[in-house]
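Residue strings, one per chain:
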Amino acid sequence: MYQLETGFPEGFLWGGATAACQIEGAYDVDGRSLSTSDIHRYEPHLNRKELVENEHTRASLEAVLKDEASYFPKRYGNDFYHRYQEDIGLMKEMGFNSFRLSIAWPRIFPQGEAQPNEEGLAFYDKVIDEVIANGMEPIVTMLHYDIPLHIVSLGGFKNPKVIDYMVHYGETLLQRYGHKVKYWIPFNQINLIQYCGFKSLGLVTDGSDHFEEDQYQAIHHQFLINAKLKEIAKTMASEIQIGIMLADCTFAPHTCRPEDVVFAMKRNRMQYFFSDVALRGAYPMHMLRYFNEQGINVKITEADKQLLKQHTSDFLAFSYYYSRTVDAEKNTMDAADITENPYLKGNDWGWTIDPLGFYNCMSQYWDRYQKPLMVAENGFGYEDVFVDGTVHDQYRIDYLREHIKAMKEAIKDGVEVMAYLPWGPIDLVSSGTAEMSKRYGFVYVDFDDLGRGTGNRYKKDSFDWYKKVIESNGEVL
């Protein structure tokens, strides 16, 4: 008989994932400047299912910077900046052996200075040391939706000068923490440009006559940064690994009509493009065809091609929350244009529950790349009911249990999954809606959408459940 995987491997990384812009707060402490996330207003009257993330024109950006009346939740987060020891202690109690965090660029280079802000670096010295002291592998994202506004003023990532700014920032982090941190993700969800052109690329929608071209030029510059940082890492600590991260935006055909099947394939190739460049080291021909047909002129030099080919990423990190379908008659090539799946149930934000979609996407990534996979985010936002000092969140347990089962099935197939990092293990501010009430955590944080509350932490039912999952290495679900 053949020797097969039967469960999660020894040393599997169980933990959770966060972002500085959603947890830290302290937006004006120790020299930090404002970021692209700090100007995301809380707007309580918008339809949750129709909400589009906060893109900006030049005029709206100027207006929001003058806005002193609105509440900006990401400036305050869940106060991790002051309570990181307590929060890391709770993660240790759950048994985490890994923790994904991000570093806020505006804490390190607030205004694009040549020398880093030592107070900002010192804060992350303390956080990373605390993570390690509590038995966890730190997994660090360099840029998670908090571009300093100084970089936006330069034109964001479409400006080739920003390559040097980001490489200098990334190299500073590698030099400071590379002996402590093995796993690095330069860009969070690099492919999510249909929603995050401002937060992840620093682009305003009226910055030129061809916004889509601006986006892909900016993405090209991010590919180059990823490769340059891999090149730098090769000269440093031998264990450093540089990954590429996607939001899983692959699609199923809405029906078995051949037109839907082919359309879904073409939409999926548009998403695989981002990891193709980083993991295979070259632009796929279908993408160059798309650029030609759409009149998109991305400046790619021969030196760029060599850099990408020689310094591919070590692993693929990805987030998975829900699945999507597309209909050739109803939908366009816009990645945000989808058709609802009538066979799946969703939450208040329209996110559907599909563990088989999770199994499918892991399998497709592995078959395509044969590179280690990191589940860098997984979870489901709910409006929890806090009663008698806890939350009875069986719905969260059910969601995560079925997704862990799906992950185990992929591992049995030979898929090399190295980490499972559920999103927001301690409640945080939502990236898309800037709500606190869209909760993911195993720990309830007593803040509402306007930042009112004590900030005290309370264990939910899922806290003890996840602790048992980790203790049993995924056998007790």
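## Focus on the overall build of the protein chain
Next up, step 1: When helices and strands are counted, the protein chain shows 14 helices and 12 strands.
Next up, step 2: By the compact-globule yardstick of 23 Å for 477 residues, the protein chain fits well, its C-alpha radius of gyration being 21 Å.
Next up, step 3: With respect to the principal axes defined by its C-alpha atoms, the protein chain has extents near 60 × 60 × 50 Å.
Next up, step 4: Buried residues in the protein chain amount to 59% of all 477 residues.
Next up, step 5: A separation threshold of at least 6 residues defines the contact pool for the protein chain, and within that pool the share at least 24 residues apart is 79%.
Next up, step 6: When the accessible surface of the protein chain is totalled, it reaches about 19,300 Å², and 50% of it is carbon and sulfur.

## Details of unusual backbone geometry
Next up, step 1: Of note in this structure, Gln-189 is not a glycine but carries a positive phi near 45 degrees.
Next up, step 2: Its location among the elements puts Gln-189 in the loop between β4 (183-187) and α8 (211-234).
Next up, step 3: You will see that Asn-473, though not glycine, has its phi angle at about 55 degrees, which is positive.
Next up, step 4: Looking at where Asn-473 falls in the secondary structure, it is placed in the segment after α14 (461-471).
Next up, step 5: Using a relative accessible area of 23% as the deciding quantity, one classes Asn-473 as partly exposed.

## Some thoughts on the nonpolar core
Next up, step 1: Within the largest apolar cluster, 153 residues are counted, with the highest numbers of intra-cluster contacts made by Trp-14, Phe-157, Trp-184, Tyr-216, Met-374, Met-407 and Tyr-466.
Next up, step 2: Those residues in contact with Met-374, other than ones at most four positions away along the chain, are Ile-139, Tyr-183, Ile-185, Phe-315, Leu-316, Ala-317, Phe-318, Met-418, Ala-419 and Leu-421.

## What about the sheet that holds β4?
Next up, step 1: The eight strands lie next to each other as β1-β10-β9-β7-β5-β4-β3-β2, forming an open sheet whose pairing is parallel. Two strands close off the open sheet at either side, each with one partner strand: β1 (13-14) and β2 (98-102).
Next up, step 2: The pairing of strand β9 (residues 373-378) with strand β10 (residues 417-420) spans three bridges and is parallel. Following the sheet pairing, Val-375 is matched in β10 by Tyr-420.
Next up, step 3: Packing of helix α7 (residues 161-177) onto the sheet brings it into contact with β3 (137-143), β4 and β5 (241-247), and relative to β3 it is tilted by some 165 degrees.

## Some remarks on empty space enclosed by the protein
Next up, step 1: Taken as a whole, this structure holds five cavities of 30 Å³ or more when the rule is applied.
Next up, step 2: Every residue along the wall of the largest cavity is listed here: Phe-223, Asn-226, Ala-227, Val-277, Ala-278, Leu-308, His-311, Thr-312 and Ser-313.
Next up, step 3: Where the lining of the largest cavity is concerned, the elements lending two or more residues are α8 and α9 (258-280).
Next up, step 4: In terms of residues, the lining of the largest cavity owes the most to one element, α8, which gives three residues.
Next up, step 5: Tallied by class, the residues present in the lining of the largest cavity amount to five nonpolar, four polar and no charged.

Cut-offs and rules
- Residues numbered from 1 in each chain as written.
- Predicted model: local features only at pLDDT ≥ 70, side-chain atom pairs only at ≥ 80, totals over all residues.
- Heavy atoms only, no water.
- Helix = DSSP H or I, 4+ residues; strand = E, 2+ residues; numbered from the N terminus.
- Rg over C-alpha atoms; globule rule 2.2 N^0.38 Å.
- Buried < 20%, exposed > 50% of the residue type's maximum accessible area, 1.4 Å probe, protein only.
- Contact = heavy atoms within 4.5 Å.
- Areas by Shrake-Rupley, 256 points an atom, 1.4 Å probe, with all protein chains shown as cover.
- Core = buried A, V, L, I, M, F, W, Y, C linked by side-chain atoms within 4.5 Å.
- Pairing = 2+ DSSP bridges.
- Axes fitted to C-alpha atoms, helices over the stretch in contact; angles between N-to-C directions.
- 1 Å grid on protein atoms, 1.4 Å probe; cavity = no way out; pocket = protein on both sides within 12 Å on 5 of 7 lines; lining within 4 Å.
- Points joined across faces, edges and corners; volume = space filled by probe spheres on them.
- Nonpolar A, V, L, I, M, F, W, Y, C, P; charged D, E, K, R; others polar.

Just geometry here; none of it tells us what the structure is for.
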